[in-house]
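Structural description and commentary
What follows is the residue order along each chain.
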Amino acid sequence: MWLSRYICLFFIYSFMGWIYETLYCTIKNGKWENRGFLFGPACPIYGTGAVAISVIMKVTIGNGIVLSLWQIFLIAFIGSAGLEYITSWGLEKLFHAAWWDYSDFPLNLHGRISLFTSLGFGLAGLLVVHIIAPFTENAVGHIIPILIELLSLCFVFVFAVDFTLTVTVLYHFDSIVVHVDNSFNQSMESIVDNTVQRSSRVKNSIIEKGRFVNDQVNSMNGFMKSTLRRIHFFRDRDENRKTVKNRVLTKIKNLRINRKRSEARDE
């Protein structure tokens, strides 16, 4: 019974987090933004954080410990920073993409967390403990046990379907990115090698590659395009990409130097 209750609370908090994220980004950007990792209206990171601090409060109270406001704030501050960093790192390792980025914020760590956003989540922790959690838990407590069990099963089923669909789409999209990336990298060096002699061919080759990328994007279904809109940016997939990029830039630099030397000799 207690597990079903916390499952329901997790999804309620996740839905609340999705509402906050979506409204904030929609107002900020002036257009509709469906936020979150999943397709459905849920941000699991908010559900995880809210349930975690609620459990901590119950454990401390059960042991006769009363936490002050600053202690609750500190727990929420540190916990949210750790949760955000681990989640961002994990998503990047799995999908080579980032759903948020704090690089423009002062005092940030790798763009995954920042001091000011963590301070905001610290204050949100106080809001959860003293206002949101008591109201939500009281409302859930009025639901009959059998309905709680059914709701939790429904939530888990919907979440499992959504999660499976999201991961499937992301991995399929990831394979397209790899295909485009490899195709582009394999052709760039040969294009650069022939820049001086075949400038028109180079132009046509680049246009052709651009059309290839556009065709790949246009072939995506609605789910893939929706996923792409929610991703903030893609990180470098591996060191090989950087190596290829540096090699291409070096060749371009050498071509320019050789051209200048040739022009100097002609003069």
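Higher on the page you've got the structure.
Residues numbered from 1 in each chain as written. Predicted model: local features only at pLDDT ≥ 70, side-chain atom pairs only at ≥ 80, totals over all residues. Heavy atoms only, no water.

A few points about the side chain of Glu33
You can see Glu33 is positioned in the loop between α1 (2–29) and α2 (44–62). For the buried Glu33, which has no salt bridge, the nearest side chain bearing the opposite charge is Lys31, at an N-O separation of 4.5 Å. A polar contact of 3.4 Å, which involves the side chain of Glu33, links it to the side chain of Asn29. Every residue in contact with Glu33, bar those within four places of it in the chain, is listed here: Thr22, Cys25 and Thr26. (Helix = DSSP H or I, 4+ residues; strand = E, 2+ residues; numbered from the N terminus. Buried < 20%, exposed > 50% of the residue type's maximum accessible area, 1.4 Å probe, protein only. Lys, Arg positive; Asp, Glu negative; His and termini not counted. Salt bridge = Lys/Arg side-chain N within 4 Å of Asp/Glu carboxyl O. Polar contact = N/O pair within 3.5 Å; in protein donor to acceptor, adjacent residues only side chain to side chain. Contact = heavy atoms within 4.5 Å.)

Some remarks on the packing of aromatic side chains
Each aromatic ring pair is specified by the distance between its two centres and by the angle formed by the two planes. One pass over the structure, following the stated rule, counts twelve aromatic pairs. Relative to Phe121, the ring of Tyr46 has its centre 6.0 Å away and its plane inclined at 65 degrees; by these criteria the two rings are edge-to-face. One end of the pair, Tyr46, is in helix α2; the other, Phe121, is in helix α4 (residues 115–141), with 75 residues separating them in the sequence. A relative accessible area of 17% places Tyr46 in the buried class. Summarising the aromatic geometry, the rings of Phe73 and Phe77 are spaced 6.2 Å apart at their centres and angled 20 degrees between planes, so their arrangement reads as stacked. With Phe73 and Phe77 both in helix α3 (residues 69–95) and four residues apart, the pair spans about one turn of that helix. Ring pairing ties together the aromatic residues Phe10, Phe11, Phe155, Phe159 and Phe163, which thus form one cluster. Over the aromatic face of Tyr85 sits the side chain of Arg112, whose NZ or CZ is 5.3 Å from the ring centroid. (Phe/Tyr/Trp six-rings, centres within 6.5 Å; stacked < 30°, edge-to-face > 60°. Lys NZ or Arg CZ within 6 Å of the ring centre and 35° of its normal.)

Side note on the packing of α1 against α2
Running from N to C, α1 and α2 cross one another at 130 degrees; their axes reach a closest spacing of 7 Å. Our classification of the angle between α1 and α2 gives oblique. Crossing of α1 against α2: the hand is right-handed. On the side of α1, the interface is formed by Tyr6, Leu9, Phe10, Tyr13, Ser14, Gly17, Tyr20 and Glu21, while α2 contributes Pro44, Tyr46, Gly47, Thr48, Ala50, Val51, Ser54, Val55 and Lys58. Here the residues of the contact of α1 with α2 sort into ten nonpolar, five polar and two charged. (Axes fitted to C-alpha atoms, helices over the stretch in contact; angles between N-to-C directions. Parallel < 35°, antiparallel > 145°, perpendicular 65-115°, else oblique. Left-handed = near helix turned anticlockwise from the far one by under 90°. Nonpolar A, V, L, I, M, F, W, Y, C, P; charged D, E, K, R; others polar.)

Re the nonpolar core
Judged by nonpolar contacts, the single largest core of 19 residues is most densely connected at Tyr13, Ile53 and Ile72. Those elements that place two or more of their residues in this core are α1, α2, α3 and α4. For this core, the element with the highest residue contribution is α1, accounting for six residues. In this structure, Ile53 is in contact with Ile72, Ala76, Gly125, Val128 and Val129, ignoring residues within four places of it in sequence. Core analysis: the next-biggest nonpolar cluster, separate from the first, contains ten residues, Phe37, Leu38, Trp99 and Tyr102 among them. (Core = buried A, V, L, I, M, F, W, Y, C linked by side-chain atoms within 4.5 Å.)

Brief notes about the packing of α3 against α4
Packing of α3 against α4 leaves a shortest axis separation of 7 Å and a crossing angle of 125 degrees. Put simply, α3 runs oblique to α4. Crossing geometry of α3 relative to α4 is assigned as right-handed. Together, Leu69, Ile72, Phe73, Ala76, Phe77, Ser80, Ala81 and Glu84 of α3 and Leu115, Thr117, Ser118, Leu119, Phe121, Gly122, Leu123, Gly125, Leu126, Val129 and His130 of α4 make up the contact between the two elements. Among the residues forming the contact of α3 with α4, the class breakdown is twelve nonpolar, six polar and one charged.

Points about α3
Here α3 contains 27 residues, and its C-alpha end-to-end distance of 38 Å stays within 8% of the 39 Å for a straight helix at 1.5 Å per residue. Burial in α3 covers these residues: Ile72, Ala76, Ser80, Ala81, Glu84, Ser88, Gly90, Leu91, Glu92 and Phe95. A positive phi of about 55 degrees marks His96, the residue just after α3. (Expected span 1.5 Å × (residues − 1).)

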